[in-house]
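Architecture and fold: a report
Listed here are the chains, written in short residue letters.
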Amino acid sequence: MSNYHIKHLEEYFQVYRKSVRDPESFWGEVAEEHFVWRKKWDNVLNWDFNKPEIKWFEGGKLNITENCIDRHLRTRGDKPAIIWEPNDPSQPAVHITYKNLHERVCKFANVLKSKGVGKGDRVCIYLPMIPELTISILACARIGAIHSVVFAGFSSTALSTRINDSDCKLLITADGSYRGKKSIDLKGIVDEALVNCDSIEAVLVAKRTNENIHMEQGRDEWLQPLLDNASMDCEPEIMDAEDPLFILYTSGSTGKPKGMVHTIGGYMVFTAFTFKNIFQYRENDVFWCTADIGWVTGHSYIIYGPLANGATSIMFEGVPSYPDFGRFWEVIEKHRVNQFYTAPTAIRALAKRSTEFVTKYDLSSLKVLGSVGEPINEEAWHWYNDIIGKGKCPIVDTWWQTETGGIMLSPIPYVTPTIPTYATLPLPGVQPALLDDDGVEIKGNLVSGRLCMKFPWPGMARTIWNDHKRYKETYFSAYENMYFSGDGAFRDAVGYYRITGRVDDVVIVSGHNLGTAPIEDAINQHPAVAESAIVGFPHDIKGNALYGFVILKEVGETRDRENVRNEINQQIVDHIGPIAKLEKIQFVSGLPKTRSGKIMRRILRKIASNELSNLGDTSTLLNPEIVDHVIENRID
Ligand code: WTA
């Protein structure tokens, strides 16, 4: 039996039982047998969910890039680590071998050092999906700097907030980026953001679009000449297992984004272990995760999980609709992709198109199909299964979060029988529990509740950057001695889990987490807006979309409402980014409120979703008459 690579169902149950009975020896064996440590740990695990404090492999010394790159050089030096597929299919793909990756990471690491970046310093990376993104991430890890990647679709305000929150010293960006037909002035956004960032000492700029851009004297420098002159020798910095590896921001239901902190040892072991099993990766397979590296899915399953297994991982710069809706399938044929991992929102968008976009291509290399980021609905599941997988590729519906670092609930393909819309069973070492509203664990099957974890796993985030109190409040205060995920789930008769969605004010739009409060904050700054409430409602392609109920300051029709709608959305684009735009904006004269003045979002959610027959009790509202007014004017 192998603890590391599970190959049949009986083995899964055995490994799972062992992982629960004796988590320390289970994870200790995985960590010892499959990774390179400069010094072995003193303790596998030390934990206390009340403080909360979680430490895995304490006292262990390592460098994650040694595990992701150096140790493969002897046996896999000429194997592609990364295959970069550009936005424009007429441009050649770039194969970056392990040897080449090693050289480029070392050079980049030396450039960082020459800029005064060292262990523990924060480096912000605001790059499109170009090779420099992967290389700069690994270069930070090489020298022990903490990377904070900000998705390159975020606005200048969102970027500066994140830079300031973690006091980043250096910023790595590009002149511009391509997305389908569009090119985006990335550096312009950076210049705007940096007006408000005092901590940034230097900006390194990669060339992508060759646009004529502004370079701030004494601050901005082109990256390539620095790399050309850098040495390709860079010894890895030896780090503690519990030193931070990266910060990645995720939306909360209130307040500013939370900088989730992941540490090196546990994250490495967990992402590598889950990658190997959930994709049943075999030597020489080609793995493709379509996520952007600006999200956790890209961190864990384009970079760290695959590379820790010596895999070949595709990095795709483009979008599924360019030059046409066959792009994903073309790339699968071109690179003979074996495992394909994408989001339900992409599947739904592509399923709406003619199947000719699919049948044109040879998809026979595929062995496993993955889904992540939001619940996959039954129709999308069947299309994925029948049209893409031809009924022969198991679908792994993987549930996890930025906070969990890696996949928590998922079938293991060719091992766990799958059922549409079910994330099925916990990975070894993952101990889920469902809790009721009173905080009591609901035992048995055929039950629904709030999804929690009763035991730590190595990949979990250890804190929120600079705000441990918020970490405790958000994840460990709802229920005693439990990590609370914010999601609801159902457990069926055989113990399979099905995620039912968020139970807080986070809405998942096209797989992206959006807190409604920060969007409300953004639009309330519009001079014409008095108050607003944002809720999610079901959407065919995006899964959920946003519906805004807005009270304007002016009475009467003095302003053109369509203009105000556009301005409100522009306000959101400026503060957060285009992903948070509202699908519908309804102007209302009031919002349903409780007697204590809280907006009753439950009612607004039902109105936005057109579930009018079952609004619940509205008699206790402060202003029950407003409900009819809101319903009468709802936007279909
Ligand atoms: C949702 C993405 C249903 C969930 C890796 C979670 C899912 C949030 C699934 C985390 C799934 C993720 N089925 N819902 N398979 N995967 N979610 O932090 O609500 O961007 O809490 O991490 O996405 O989103 P995040």
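What counts, and where the lines are drawn
Residues numbered from 1 in each chain as written. Predicted model: local features only at pLDDT ≥ 70, side-chain atom pairs only at ≥ 80, totals over all residues. Heavy atoms only, no water. Pairing = 2+ DSSP bridges. Helix = DSSP H or I, 4+ residues; strand = E, 2+ residues; numbered from the N terminus. Contact = heavy atoms within 4.5 Å. Axes fitted to C-alpha atoms, helices over the stretch in contact; angles between N-to-C directions. Near = heavy atom within 4 Å. Polar contact = N/O pair within 3.5 Å; in protein donor to acceptor, adjacent residues only side chain to side chain. Areas by Shrake-Rupley, 256 points an atom, 1.4 Å probe, with all protein chains shown as cover. Nonpolar A, V, L, I, M, F, W, Y, C, P; charged D, E, K, R; others polar. Expected span 1.5 Å × (residues − 1). Buried < 20%, exposed > 50% of the residue type's maximum accessible area, 1.4 Å probe, protein only. Arc of directions from axis to C-beta. 1 Å grid on protein atoms, 1.4 Å probe; cavity = no way out; pocket = protein on both sides within 12 Å on 5 of 7 lines; lining within 4 Å. Points joined across faces, edges and corners; volume = space filled by probe spheres on them.

**Notes on the sheet that holds strand β8 (residues 170–174)**
Here we have 8 strands laid out as an open sheet, ordered β12-β11-β8-β6-β7-β14-β15-β23, and mixed in their pairing. Edge positions in the sheet fall to β12 (220–222) and β23 (463–464), since each has one partner strand and no second. Strand direction decides the pairing type here: strand β7 (residues 146–149) and strand β14 (residues 244–250), joined by 2 bridges, are parallel. Looking at β14, one finds that histidine 147 is bridged to phenylalanine 246. The strands touched by helix α8 (residues 186–194) are β6 (122–126), β8, β11 (202–206) and β12; relative to β8, the strand with the most contacts, the crossing angle is about 155°. Helix α10 (residues 264–278) contacts β14 and β15 (258–263) of the sheet and is inclined by roughly 80° relative to β15.

**Some thoughts on the site of the ligand**
Close to the ligand lie 17 residues; Asp397, Thr398, Thr402, Asp487 and Arg502 are nearest. Glutamate 374 has a polar backbone atom sitting 3.4 Å from a nitrogen atom of the ligand. In the model, an oxygen atom of the ligand is placed 2.6 Å from a nitrogen or oxygen of the threonine 402 side chain. In the complex, 96% of the free accessible area of the ligand, which totals 530 Å², lies under the protein chains. Tallied by class, residues from the shell around the ligand come to 7 nonpolar, 6 polar and 4 charged.

**Examining the pairing of strand β25 (residues 497–502)**
As paired elements, strand β24 (residues 483–491) and β25 share 5 bridges and run antiparallel to each other. Bridging across to β25, alanine 489 finds its partner in isoleucine 499. A loop of 5 residues connects β24 with β25, the two strands running antiparallel in sequence, and glycine 495 in this loop sits at a positive phi of about 95°.

**Digging into helix α1 (residues 9–21)**
Along its 13 residues, α1 runs 18 Å from first to last C-alpha, staying within 8% of the 18 Å computed at 1.5 Å per residue. Taken residue by residue, α1 has Glu11, Tyr12, Val15, Tyr16, Lys18 and Ser19 as its buried positions. The arc that holds every buried residue of α1, seen down its axis, measures 165°, which confines them to one face. Turning to α1, the residues buried within the fold contact α2 (23–34) and β21 (432–435).

**Here we look at empty space enclosed by the protein**
Gaps left between atoms are located by rolling a probe of water-molecule size over the structure's atoms. Applying the stated criterion across every chain yields a total of 3 cavities of 30 Å³ or more. Within this model, the largest cavity holds a volume of roughly 50 Å³. Contributing to the lining of the largest cavity are Asn63, Ile64, Cys140, Ala141, Gly144, Ala145, Met239, Pro244, Leu245 and Ile264. Listing elements by their share of the lining of the largest cavity, those giving two or more residues are α6 (131–143) and β14. Of the residues assigned to the lining of the largest cavity, the class counts are 8 nonpolar, 2 polar and no charged.

Interpretation in functional terms is not warranted from these geometric data alone.
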